[in-house]
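# Secondary and tertiary structure notes
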Amino acid sequence: MEIKTPQKFFEDILPVKFKPEKAKDIDVIVQINLTGNKPSNWIITIKDQKIQSVQGITVAPTLTLKTSEEDFLELINGKISVEKAFFSGKVNFEGNITTALKLKEAGFL
């Protein structure tokens, strides 16, 4: 099943895909800024092995991810790997790369 919108991913898919057992040591606030025809901003909080996602902007994120909505949908639908998206410049990332890799293990991307 192809995910058609970031909202569908953050509200319906991510809570199911998330692996709390892999998030034991993760305490992070991720700001996701999506550009394109329908720009949106999302705040993903992982703390105490729980995940929460809300639309909005936080002033002090631990990590920031910037990409186009189109590239984000390719990423979450498995058409491009996180590594390829990062190294090809499709995803701009600010923050600790080690924390970002832990997020991947926890099912975030």
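As the structure is a prediction and not an experimental result, all values here were calculated from the model. (Residues numbered from 1 in each chain as written. Predicted model: local features only at pLDDT ≥ 70, side-chain atom pairs only at ≥ 80, totals over all residues. Heavy atoms only, no water.)

### Some details on the packing of aromatic side chains
Evaluated as defined, the whole model comprises 6 aromatic pairs. With a centroid separation of 5.4 Å and an interplanar angle of 20°, the aromatic rings of F10 and F72 are classed as stacked. Of the two residues, F10 sits in helix 1 (residues 6–17) while F72 sits in helix 2 (residues 69–76), which places them 62 residues apart along the sequence. Taken individually, F10 and F72 each receive the classification buried, so the pair is uniform in this respect. Within the aromatic cluster, the residues linked to one another by ring pairs are F9, F10, W42 and F72. (Phe/Tyr/Trp six-rings, centres within 6.5 Å; stacked < 30°, edge-to-face > 60°. Helix = DSSP H or I, 4+ residues; strand = E, 2+ residues; numbered from the N terminus. Buried < 20%, exposed > 50% of the residue type's maximum accessible area, 1.4 Å probe, protein only.)

### Focus: the environment of S40
On the secondary structure map, S40 appears in strand 2 (residues 40–47). Apart from residues lying up to four places away in sequence, S40 is in contact with I32, N33, L34 and Q55. Here W42 takes part through its side chain, which lies 3.1 Å from a polar atom of the side chain of S40. (Contact = heavy atoms within 4.5 Å. Polar contact = N/O pair within 3.5 Å; in protein donor to acceptor, adjacent residues only side chain to side chain.)

### Focus: unusual backbone geometry
Positive phi, normally seen in glycine, also occurs at D48, with a value near 55°. Its place among the elements puts D48 in the loop between strand 2 and strand 3 (50–55). By relative accessible area, D48 is classed as exposed at 58%. One non-glycine residue with positive phi stands out, namely Q49, at about 60°. As for its position among the elements, Q49 is in the loop between strand 2 and strand 3.

### Comments concerning the side chain of Q31
With respect to the helices and strands, the residue Q31 is situated in strand 1 (residues 28–35). A distance of 3.3 Å separates a polar atom in the side chain of Q31 from the backbone oxygen of W42. Engagement of the side chain of Q31 in a polar contact is seen with the backbone nitrogen of T58, the distance being 2.8 Å. Filtering out sequence-adjacent residues up to four positions away, Q31 remains in contact with N41, W42, I43, G56, I57, T58, P61, L63, T64 and L65.

### Examining the sheet that holds strand 1
Ordered in space as 3-2-1-4-5, the 5 strands form an open sheet in which the pairing is mixed. A strand with exactly one partner marks an edge of an open sheet, and here the two such strands are strand 3 and strand 5 (91–94). Averaged over all neighbouring strand pairs, the angle between strand axes comes to 15°, with direction disregarded. As paired elements, strand 4 (residues 63–68) and strand 5 share 4 bridges and run antiparallel to each other. Within strand 5, the residue paired with T67 across the bridge is V91. Of the strands in this sheet, strand 1, strand 2 and strand 3 are in contact with helix 1, which crosses strand 2 at around 15°. (Pairing = 2+ DSSP bridges. Axes fitted to C-alpha atoms, helices over the stretch in contact; angles between N-to-C directions.)

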